[in-house]
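Structural characterization, general
Here is how the chains run, residue by residue.
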Amino acid sequence: MKDEKSNFEEQMAGNEPVEFAKPGEKRTTLEKIQKYVEKNNKMVMGVAIGVIVLTAIFFVAKHFITKGIEASNTQASVSLSRILPFYQVGEFQTALDGDPQNKVRGQEVIGLKKIAEEFSGTDAGKTAALFAGNCYLGMFDYKNAAKYFEMAAKSESDLVKEGANAGLGACSSEDNKLDDAVKYYEKASTLAITPAEKQRYMLYAGLVFEKKNDKEKAEKYYREIINDMQRTEFTGLAKAGLTRLGMIID
């Protein structure tokens, strides 16, 4: 098990997070948002700006996997560590279904769906649900994505709940349930650990209000980001939002 843990940590440190982009295209979430802002004045919300923060999710997964392996208290943690490499390279269907042709120490490599459903009462199971939701989001299957994000939202971990609510926000936006999308992004922002993550979800909420043509509420979110003492990459994006709204930036 020590070898599995070391291998997983090396993979997490040595590879870039998967981005939900077109086949063969790799961009950071920020780059996708910036390109989207440049090309779309009215900012139609979509997966490109609703994508879960994968770096944070990998942190969560590593936390539970490490905890599970060290304590030898859950098969779910070990199973999760074995399937995540498929997720990381963008093989979402295999990550969801597992790889029965390969065995590790005589055990079948099971998929995220099975881990999430069979171990739903464990932290690792709910973390697997978060990854499963992300897979479906990356495959533009919003109905199934929402199903697994709802499972992940029941986690005791604030970081898992943060990702789950952000995912539900993205799914709701794609389903044109804009009031729900705002609600989920607001919830994600209250759970965010860092100022950057908090501002990220506030930006998403502002973009939803732009789509609703509610300029007053969009302005409120953008100005809150701009007035935050903590400057992040989202400060400039919020200023761009005010510019699109035709408002003065103080």
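Residues numbered from 1 in each chain as written. Predicted model: local features only at pLDDT ≥ 70, side-chain atom pairs only at ≥ 80, totals over all residues. Heavy atoms only, no water.

Quick notes on the side chain of Thr-232
Here Thr-232 is to be found in the loop between helix H13 (215-227) and helix H14 (233-244). A polar contact of 2.5 Å, which involves the side chain of Thr-232, links it to the side chain of Gln-199. Within polar-contact distance, the side chain of Thr-232 engages the backbone nitrogen of Phe-234 at 3.1 Å. Dropping the residues within four chain positions of it, Thr-232 is found in contact with Pro-195, Ala-196 and Gln-199. (Helix = DSSP H or I, 4+ residues; strand = E, 2+ residues; numbered from the N terminus. Polar contact = N/O pair within 3.5 Å; in protein donor to acceptor, adjacent residues only side chain to side chain. Contact = heavy atoms within 4.5 Å.)

Here we look at helix H8 (residues 123-138)
With 16 residues, H8 should cover 22 Å at 1.5 Å per step; its first-to-last C-alpha distance of 23 Å lies within 8% of that length. Within H8, 15 of the 16 residues are buried, which leaves the element mostly enclosed by the surrounding structure. Directly beyond the C-terminal end of H8, a positive phi value near 65 degrees is found at Phe-140. (Expected span 1.5 Å × (residues − 1). Buried < 20%, exposed > 50% of the residue type's maximum accessible area, 1.4 Å probe, protein only.)

What to know about the environment of Leu-245
Looking at where Leu-245 falls in the secondary structure, it is placed in the segment after H14. Along the sequence, Leu-245 and Glu-210 sit 35 residues apart, while their C-alpha atoms lie 8.4 Å from each other. Not counting chain neighbours up to four residues away, the residues in contact with Leu-245 comprise Glu-210, Lys-215, Ala-218, Glu-219 and Tyr-222.

Considerations on the pattern of salt bridges
Opposite charge on two side chains allows them to pair when their charged atoms are near. Tallied over the entire structure, the rule returns eight salt bridges. Between Asp-175 and Lys-177 there is a salt bridge, and its shortest N-O distance comes to 3.3 Å. Owing to a relative accessible area of 47%, Asp-175 belongs among the partly exposed residues under this scheme. Glu-197 is paired through a salt bridge with Arg-200; the nearest N and O atoms lie 3.1 Å apart. Residue Glu-197 and its partner Arg-200 are located together in helix H12 (residues 195-211), separated by three residues, close to a single helical turn. Arg-200 shares its class with Glu-197; the two are buried. (Salt bridge = Lys/Arg side-chain N within 4 Å of Asp/Glu carboxyl O.)

Remarks on unusual backbone geometry
At Asn-176, a residue that is not glycine, the phi angle is positive and equals roughly 60 degrees. Mapped onto the elements of the fold, Asn-176 is located in the loop between helix H10 (158-174) and helix H11 (178-191). Judged by relative accessible area, which is 52%, Asn-176 ranks as exposed. Its identity as a non-glycine residue notwithstanding, Asn-213 has a phi of 65 degrees, on the positive side. Inspection of the secondary structure assignment puts Asn-213 in the loop between H12 and H13. Of the residues examined, Asn-213 reaches a relative accessible area of 59% and is grouped as exposed.

Considering the confidence of the model for the protein
On average, residues of the protein score 76 in pLDDT, and 70% of them reach the 70 mark or higher. Ranking the elements of the protein by mean pLDDT puts helix H1 (residues 2-14) last, at 37, and helix H9 (residues 142-152) first, at 96. Under a pLDDT of 50 for its full length, residues 1-56 has, in the predicted model, 112 contacts with residues more than four places off or in other chains. Every residue in residues 68-73 scores below 50 in pLDDT, and together they form eight contacts with partners more than four places removed in sequence or on other chains. (pLDDT = per-residue confidence, 0-100.)

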